[in-house]
Structures are given as structure tokens and as C-alpha cells.
Amino acid sequence: MVTEKEKQEYQEYVEKITPTHSLPKNMAKAFLVGGLICVLGQMLTNWGQSLGLDEKMSGSFCSVLLVLLSTLLTALNIWPYIGKFGGAGALVPITGFANSVAAPAVEYQTEGQVFGIGAKIFTIAGPVILYGILTSWALGFCYWMWLLWTV
């Protein structure tokens with residue numbers, strides 16, 4: 001039987017080891033990191049345009065370079081620190097998606113090309129891709145049905 005004193009000691013222990021988070025501080029860090037990623041993206045887009053690329057091509061240029069940078073930072077084990085500091089600000093943009101694909105590849109490379117990297121590479125990104133495609137298909141179908149009904 002657990003005594004009242006043991007319950008109280010356990011509750012104090014739980015309060016002691018439970019991390020505390022400041023919502024305003026976390027939001028500010030996410031805004032800062034996400035904003036810096038967006039500023040970097042705009043700089044890359046402007047650079048692409050200064051190289052003579054049109055607006056659409058410079059956007060693709062920016063996306064490819066952001067994915068490459070995120071993948072390199074993941075491979076060098078730097079991105080986890082950025083993600084831990086920036087939270088959703090680092091995870092939501094395209095860089096976070098690139099990290100979610102690259103991180104399992106880095107982690108499971110010791111298990112081989114097929115059963116390590118091949119089998120685990122989409123463990124995090126797979127559901128995002130699946131539900132993104134499913135949702136876009138469903139919305140496209142609804143839009144198509146709406147067009148049929150309004151004509």
C-alpha cells in the first residue's frame with residue numbers, strides 16, 4: 001500500500017523532472033528560425049533571378065538549394081540543434097520535410113542500403129506524402145464534382 005507521504009514525494013519528483021516550457025518564448029524562437037529560413041529563401045530566389053532565371057525557375061532554384069542545405073546539415077548532425085531550438089519554425093518549411101527524409105537515411109545506414117536506408121527513409125515523411133496526396137485527390141475530386149454541378 002502506498003502511503004500519503006510516498007505519493008507526495010513522488011509528486012514532488014515528477015514536478016522536479018518535468019520540463020517547463022514557455023509558450024511565448026517557444027513562439028518567438030519558432031518565428032525567428034522560420035523567418036530566417038524564409039529570408040534565406042528570398043535571398044536565394046533573388047540570387048536566382050540575378051543569374052537570369054525567370055520567377056518560376058528561381059523559385060525552383062531556391063527550393064532545391066534549401067532542400068540540399070537541410071540535407072547537408074542533417075548529415076552533419078547540425079539540423080537537430082536547429083530543430084530543437086526553432087521547433088515548428090524549423091520543421092514546417094520545406095527544410096523540415098527534407099530533414100524528415102534525410103534523418104532516417106543517416107540513422108539507419110549501418111543496416112544496409114535495402115533494409116536500412118531503403119526500408120526506413122520514408123518512416124517520417126511517408127505519412128505526410130500519403131495524406132498530402134490523398135487530401136489533394138479528395139479536394140480535386142470535390143472541385144471536379146462542384147464544376148459538374150454548376151455547369
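What counts, and at which threshold
- Residues numbered from 1 in each chain as written.
- Predicted model: local features only at pLDDT ≥ 70, side-chain atom pairs only at ≥ 80, totals over all residues.
- Heavy atoms only, no water.
- 1 Å grid on protein atoms, 1.4 Å probe; cavity = no way out; pocket = protein on both sides within 12 Å on 5 of 7 lines; lining within 4 Å.
- Points joined across faces, edges and corners; volume = space filled by probe spheres on them.
- Helix = DSSP H or I, 4+ residues; strand = E, 2+ residues; numbered from the N terminus.
- Nonpolar A, V, L, I, M, F, W, Y, C, P; charged D, E, K, R; others polar.
- Phe/Tyr/Trp six-rings, centres within 6.5 Å; stacked < 30°, edge-to-face > 60°.
- Buried < 20%, exposed > 50% of the residue type's maximum accessible area, 1.4 Å probe, protein only.

1. Let's talk about the layout of surface pockets
Phase 1 of the analysis: For the largest pocket, the calculated volume is near 150 Å³.
Phase 2 of the analysis: Surrounding the largest pocket, Val 33, Leu 36, Ile 37, Leu 40, Leu 66, Leu 69, Ser 70, Leu 73, Trp 79, Ile 82 and Thr 95 form its lining.
Phase 3 of the analysis: Of all the secondary structure elements, the ones that give two or more residues to the lining of the largest pocket are helix H2 (23–50), helix H3 (55–75) and helix H4 (79–86).
Phase 4 of the analysis: Considered class by class, the residues forming the lining of the largest pocket number 9 nonpolar, 2 polar and no charged.

2. Structural notes on the packing of aromatic side chains
Phase 1 of the analysis: Inspection of every chain in the model, using the stated rule, returns 4 aromatic pairs.
Phase 2 of the analysis: Considering the side-chain rings of Trp 137 and Phe 141, the 5.6 Å spacing of their centres and the 10 degrees angle between planes classify their relative orientation as stacked. Of this pair, Trp 137 and Phe 141 both sit in helix H8 (residues 125–150), 4 residues apart, which is roughly one turn of that helix.
Phase 3 of the analysis: By relative accessible area, which is 58% here, Trp 137 ends up exposed.
Phase 4 of the analysis: Judged by relative accessible area, Phe 141 falls into the partly exposed class, the value being 38%.

From the geometry alone we can't say anything about function, so treat these as descriptive.
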